[in-house]
Amino acid sequence: MRYNRWFTPWVLVIPALVWLLVFNLWPSINTVILSFTNAKPIGGGHFVGLKNFETLLHDEQLRWALLNSVIYMVVCLPFLTVLPLLLAVLVEKKLPGITFFRTAFYTPVVASAVVVALIWQWILDDRGLVNGLAEKLGVISGPLPFLSDQWLLLLSAISLTIWKGLGYYMIIYLAALGNVGRELHEAAAVDGAGPLRRFVHVTIPGVRGTMILISILISVSALRVFSELFILSGGKGGPGGRDNSVVMLIQQYSQGFEGNLGYASALSIVLFFVTVVPMLVLARLNRRGAEA
Amino acid sequence: MSVVTDPARPAVAPEAPKSVRRRRSSGFNSVSPREKVARYLLLVFVLLITIGPFLWQLSTSLKGSGEDIYTRIPRLLPAQPTFDHYKEVTDTIPVWDYARNSLVVAFLVVGGNVIGASLAGFALSRLQFRGRKIVLGLFLATLVLPGEVTIISQYVTVREFGLANTLFGVALPGMIGALNVLLMYNAFRSLPVEVDQAAVVDGANAWQRFLYIGLPSVRGTISVVAIFAFIGAWDDFLWPLIVLTDPNKYTLTVGLQYLSGTFSNNPRLIAAGTMIAFIPIVIVFATLQRFFFKGVEEGAVKG
């Protein structure tokens with residue numbers, strides 16, 4: 001059945017479609033085109049063949065960035081799949097004041113990454129809260145260089161990302177928990193299953209699909225990290241530029257007279273393939289699990 | 001702590017004999033007092049972790065210049081509370097201009113998404129037309145593509161439009177997000193077809209059905225889209241950092257980064273600056289949170 005003239009739906013869809021074509025689809029094609037040029041941020045540039053991709057192979061900073069990305073992903077994954085689920089179970093029960101706690105737990109998500117990174121920069125400062133307290137308690141004799149040591153800086157940024165992500169994934173789990181039938185919990189309880197066993201045998205299988213989705217979201221966003229590392233390292237990418245992420249390198253090449261949009265585009269293509277891998281792996285895992 | 005005990009059910013251990021399984025005796029929906037205490041203790045613990053850093057920053061921003069902020073025994077409450085650092089930050093750096101710039105971008109993005117995404121979402125879910133599936137597929141396909149991958153060529157596009165280094169250029173690409181179109185599509189789809197058919201019988205055209213039947217039933221999702229669009233635009237850092245070169249046009253996040261470089265030796269000033277960027281977004285979210293959580297329950301965030 002049709003209730004409208006043929007062009008009515010198109011009138012409604014066209015603004016969104018134009019945006020999609022101009023700001024999503026065309027840029028994805030143009031990224032590939034640009035990667036074969038040496039386009040400058042201010043304009044101009046010409047075809048350079050495979051030169052950018054040859055440079056990629058010998059780019060030591062890119063190698064560090066990729067290693068950092070993998071570490072970022074591997075550390076974030078377990079923490080951000082498990083902790084938010086526990087939080088969701090904690091705030092699921094409608095106790096008095098629970099809305100306040102839910103909102104409060106979500107606050108780090110709402111704040112800008114720049115804001116929270118600047119807050120953590122001060123907390124992790126040589127003379128900041130963490131070092132001050134640890135020294136007072138006699139755990140350490142001198143301040144730990146959270147922001148200037150290559151590995152500690154990476155670890156600090158990872159902890160920041162985990163802290164900021166807790167509330168976000170908690171909310172997604174919370175929505176999923178609502179779909180786990182209460183009857184299952186009741187039946188398990190009648191059979192004498194304690195809270196822990198019910199969590200393992202009822203809750204986790206019930207949110208399995210969401211868990212896979214969340215793992216994909218975590219992996220992709222860990223590989224795309226920018227603001228946390230950028231701010232914590234003061235925009236410098238750590239000692240010798242060894243704490244860069246791929247997106248930080250893209251940003252560096254996007255600016256100034258030294259900038260090279262062609263090379264930045266080649267890096268973008270690397271980023272695309274890097275983010276596609278965990279998506280494919282986890283999607284396959286999901287399908288296999290569903291068949292079993 | 002007053003929150004831990006509920007006056008109606010004081011936190012006294014239940015007198016039930018040990019042989020009775022509490023979980024069964026207390027019923028499934030009620031929570032035993034002991035569990036309640038444990039839950040509130042955990043909630044307060046997590047609260048300290050999530051909110052503590054913000055409070056610490058707020059406290060630093062209010063501490064007087066003569067106060068030792070590096071003290072080994074941290075003090076949360078400032079001994080000489082003062083707003084001087086807020087004044088100094090706003091005097092040295094045009095923070096209010098940055099805030100206005102962020103607000104302009106955020107309003108453009110919210111407006112564009114609310115209008116553009118609900119129109120497209122309505123057409124894709126409620127109207128039959130050839131090519132509908134293909135259009136829908138295109139929107140879905142872009143979700144696989146992280147925004148950072150196309151950010152460089154997006155910049156080239158915006159530059160070609162002559163919008164590099166303008167606030168409109170910052171707002172433009174995000175004004176109709178593919179994800180928001182899909183969220184609205186999903187929301188409109190849950191409305192029964194019979195309602196539409198009845199409206200057609202009554203002589204309502206597509207536009208009237210959109211305004212009077214569609215929109216009122218998806219308010220929850222629209223508020224989620226609006227809230228997320230606002231937060232996303234206000235918090236965005238990488239894109240304005242790439243587009244804007246003129247310090248007068250900086251948005252708050254880019255301005256803050258600039259500020260942190262300028263005042264790296266005075267944490268009080270940086271703290272004041274971060275609070276200026278943080279407090280508005282918290283107020284916005286706190287006021288709108290009930291719409292947000294309602295939208296979550298309606299299924300707007302299920303992905």
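Residues numbered from 1 in each chain as written. Chains lettered and ligands numbered in written order. Predicted model: local features only at pLDDT ≥ 70, side-chain atom pairs only at ≥ 80, totals over all residues. Heavy atoms only, no water.

- You'll find chain B entered in an unreviewed UniProt entry as Carbohydrate ABC transporter permease, with Kribbella soli given as the organism.
- Chain B has a UniProt comment under Subcellular location (unreviewed entry) that states "Cell membrane".
- Listed under Sequence similarities (unreviewed entry) in UniProt, the entry text for chain B is "Belongs to the binding-protein-dependent transport system permease family." (UniProt positions renumbered as here; feature names shortened; annotations may be inferred.)

- For chain A, an unreviewed UniProt entry supplies the name Sugar ABC transporter permease and the organism Kribbella soli.
- UniProt lists a comment for chain A under the heading Sequence similarities (unreviewed entry), and it reads "Belongs to the binding-protein-dependent transport system permease family."
- If you open the UniProt record of chain A and go to Subcellular location (unreviewed entry), you find "Cell membrane".

1. Brief notes about the pattern of salt bridges
Residue and element names in this part refer to chain B.
No. 1: Inspection of every chain in the model, using the stated rule, returns five salt bridges over all chains.
No. 2: Between Lys-87 and Asp-91 there is a salt bridge, with the nearest N and O atoms lying 3.0 Å from each other. Within this pair, Lys-87 and its partner Asp-91 are both found in helix H3 (residues 84-92), separated by four residues, close to a single helical turn. The burial state of Lys-87 is the same as that of Asp-91; both residues are exposed.
No. 3: Put simply, Asp-97 and Arg-100 hold a salt bridge, and the shortest N to O gap is 3.7 Å. Taken together, the positions of Asp-97 and Arg-100, both in helix H4 (residues 95-126) and three residues apart, correspond to about one turn of that helix.
No. 4: Of the residues examined, Asp-97 reaches a relative accessible area of 34% and is grouped as partly exposed. (Salt bridge = Lys/Arg side-chain N within 4 Å of Asp/Glu carboxyl O. Helix = DSSP H or I, 4+ residues; strand = E, 2+ residues; numbered from the N terminus. Buried < 20%, exposed > 50% of the residue type's maximum accessible area, 1.4 Å probe, protein only.)

2. Considerations on the environment of Thr-274 of chain B
No. 1: Looking at the secondary structure, you find Thr-274 of chain B in helix H14 (residues 267-298).
No. 2: Of the residues examined, Thr-274 of chain B reaches a relative accessible area of 0% and is grouped as buried.
No. 3: Thr-274 of chain B sits 17 residues away from Gln-257 of chain B along the chain, and the two C-alpha atoms are 9.7 Å apart.
No. 4: Residues in contact with Thr-274 of chain B, not counting those within four places in the same chain, are Val-115 and Leu-118 of chain A together with Gln-57 and Leu-256 of chain B. (Contact = heavy atoms within 4.5 Å.)

3. Considerations on the UniProt feature "transmembrane region" (unreviewed entry) in chain A
Residues and elements named next belong to chain A.
No. 1: Here the UniProt feature "transmembrane region" (unreviewed entry) sits at residues 7-26, 70-91, 103-123, 151-176, 206-226 and 261-283.
No. 2: Annotation note: span residues 70-91, helix share 100%, strand share 0%, distance between end C-alpha atoms 32 Å.
No. 3: Segment residues 151-176 splits into 100% helix and 0% strand. End C-alpha atoms: 36 Å apart.

4. Observations concerning the UniProt feature "domain: ABC transmembrane type-1" (unreviewed entry) in chain B
No. 1: When the UniProt feature table is mapped onto this chain numbering, "domain: ABC transmembrane type-1" (unreviewed entry) sits at residues 99-287 of chain B.
No. 2: In residues 99-287 of chain B, helix accounts for 75% and strand for 0%; the two terminal C-alpha atoms are 19 Å from one another.

5. Some words on the interface of chain B and chain A
No. 1: Listed as interface residues are 96 residues of chain B and, on the opposing side, 97 residues of chain A.
No. 2: Here chain B packs against chain A, burying approximately 8800 Å² in sum over the two surfaces, 75% of which is carbon and sulfur.
No. 3: In this structure, the connection of chain B to chain A is made through one salt bridge.
No. 4: At the junction of chain B and chain A, the tally comes to 15 residue pairs in polar contact (both at pLDDT 80 or more). (Buried area = accessible area lost by both parts, 1.4 Å probe. Polar contact = N/O pair within 3.5 Å; in protein donor to acceptor, adjacent residues only side chain to side chain.)

6. A few points about the nonpolar core
No. 1: Tyr-72 and Phe-105 of chain A together with Leu-124 and Phe-139 of chain B are the most contacted members of the largest nonpolar core, which has 175 residues in total.
No. 2: Looking at this core, the element that brings in the most residues is helix H7 (residues 150-177) of chain A, giving 17 residues.
No. 3: There are two domains that each give this core at least three residues, and those are domain 1 (1-82) and domain 2 (90-298) of chain B.
No. 4: Those residues in contact with Phe-139 of chain B that lie beyond four places of it in its chain are Ala-16, Leu-17 and Leu-20 of chain A together with Leu-124, Ala-178, Val-181 and Leu-182 of chain B.
No. 5: Grouped together as the second largest cluster of nonpolar side chains are five residues, Ile-216, Val-220, Met-279 and Leu-282 of chain A included. (Core = buried A, V, L, I, M, F, W, Y, C linked by side-chain atoms within 4.5 Å. Domains from an automatic or database assignment.)

7. Some remarks on the confidence of the model for chain A
No. 1: Mean pLDDT over chain A works out to 89, with 97% of the residues at or above the 70 mark.
No. 2: Per-residue pLDDT, averaged within each element of chain A, yields its smallest value for helix H8 (residues 182-190) of chain A (84) and its largest for helix H3 (residues 60-92) of chain A (95). (pLDDT = per-residue confidence, 0-100.)

8. Regarding the environment of Ala-233 of chain B
No. 1: Summarising the element assignment, Ala-233 of chain B is placed in helix H11 (residues 219-235).
No. 2: Residue contacts for Ala-233 of chain B: discarding those within four places in its chain leaves Val-105, Ala-106 and Val-109 of chain B.

9. A look at the packing of H3 of chain A against helix H9 (residues 195-206) of chain A
Residue and element names in this part refer to chain A.
No. 1: One can describe the packing of H3 onto H9 by two numbers: an axis separation of 13 Å at closest approach and a directional angle of 100°. Accordingly, the angle class assigned to the pair H3 and H9 is roughly perpendicular. Across the interface between the two elements, Leu-85, Leu-86 and Val-89 from H3 touch Phe-199, Thr-203 and Ile-204 from H9.
No. 2: Looking at the contact of H3 with H9 residue by residue, the class counts come to five nonpolar, one polar and no charged. (Axes fitted to C-alpha atoms, helices over the stretch in contact; angles between N-to-C directions. Parallel < 35°, antiparallel > 145°, perpendicular 65-115°, else oblique. Nonpolar A, V, L, I, M, F, W, Y, C, P; charged D, E, K, R; others polar.)

10. Focus on the domain arrangement of chain B
Residues and elements named next belong to chain B.
No. 1: With domains assigned, chain B is organised as domain 1 (1-82) and domain 2 (90-298).
No. 2: Taken together, the 11 residues of domain 1 in the interface contact nine residues of domain 2.
No. 3: Both faces considered, domain 1 and domain 2 share a buried interface measuring about 780 Å² in area, 69% of it formed by carbon and sulfur atoms.
No. 4: By the criterion of area lost to domain 2, the three top residues of domain 1 are Phe-54, Gln-57 and Ser-61, representing 49% of everything that side buries.
No. 5: The interface formed by domain 1 and domain 2 holds zero salt bridges in total.
No. 6: Linking domain 1 to domain 2 there are two residue pairs in polar contact (both at pLDDT 80 or more).
No. 7: Tallied by class, residues from the side of domain 1 that touches domain 2 come to four nonpolar, five polar and two charged.

11. Overview of the UniProt feature "transmembrane region" (unreviewed entry) in chain B
Residue and element names in this part refer to chain B.
No. 1: Those places that UniProt annotates as "transmembrane region" (unreviewed entry) correspond, in this numbering, to residues 37-56, 103-124, 136-156, 168-188, 209-234 and 269-288.
No. 2: From the first C-alpha to the last, residues 103-124 spans 31 Å; its make-up is 100% helix and 0% strand.
No. 3: Taken end to end, residues 269-288 is 100% helix and 0% strand, and its first and last C-alpha atoms sit 30 Å apart.

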